[in-house]
Amino acid sequence: MPATVEDVIEKQISTVSERLRIQVRSAWRYFDASTTADHLAQSLSSYEESSSEKDIG
């Protein structure tokens, strides 16, 4: 089963926390995986729409 964007973000936060030797919950105070995944999805949609509009002409 492929990982979702949110899953990947959560894994990255865990990795960064380990490397910085901070608690994962401390990192999450500054970051929301679900919101970031939503923003990425919106950006992708906008990009795809703008790309398809260029191909029309």
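Source: prediction; values computed, not measured. (Residues numbered from 1 in each chain as written. Predicted model: local features only at pLDDT ≥ 70, side-chain atom pairs only at ≥ 80, totals over all residues. Heavy atoms only, no water.)

**A short note on the overall build of the chain**
No. 1: Of the regular secondary structure elements, the chain holds 3 helices and 0 strands.
No. 2: The linear arrangement of helices and strands in the chain, starting from the amino end, is α-α-α.
No. 3: Counting across all 57 residues of the chain, residues that qualify as buried make up 11%.
No. 4: Accessible area for the chain stands at about 5,100 Å²; split by element, carbon and sulfur atoms hold 53% of it. (Helix = DSSP H or I, 4+ residues; strand = E, 2+ residues; numbered from the N terminus. Buried < 20%, exposed > 50% of the residue type's maximum accessible area, 1.4 Å probe, protein only. Areas by Shrake-Rupley, 256 points an atom, 1.4 Å probe, with all protein chains shown as cover.)

**Observations regarding the confidence of the model for the chain**
No. 1: On average, the chain scores 81 in pLDDT, and the residues at 70 or more come to 88%.
No. 2: The spread of mean pLDDT over the elements of the chain runs between helix 3 (residues 33-56), the lowest at 77, and helix 2 (residues 24-28), the highest at 89. (pLDDT = per-residue confidence, 0-100.)

**Focus: a negative patch on the surface**
No. 1: A contiguous patch of negative charge on the surface is contributed by E6, D7, E10, D32 and D38.
No. 2: Examining the composition of the negative patch, we find that 3 residues originate from one element, helix 1 (residues 5-20), more than from any other.
No. 3: Tracing the backbone shows D38 in helix 3.
No. 4: On the accessibility criterion, D38 (46% relative accessible area) is partly exposed. (Patch = residues over 30% accessible without salt bridge, like charges linked within 9 Å, V, L, I, M, F, W, Y side chains within 5 Å. Salt bridge = Lys/Arg side-chain N within 4 Å of Asp/Glu carboxyl O. Lys, Arg positive; Asp, Glu negative; His and termini not counted. Charge placed at Lys NZ, Arg CZ, Asp CG, Glu CD.)

**Points about the side chain of S17**
No. 1: For S17, the position within the fold is in helix 1.
No. 2: Assessed through its relative accessible area of 1%, S17 is described here as buried.

**As for a nonpolar patch on the surface**
No. 1: Where nonpolar side chains cluster on the molecular surface, the patch consists of V16, L20 and I22 and spans about 270 Å² of accessible area.
No. 2: Tracing the sequence through the fold places V16 in helix 1.

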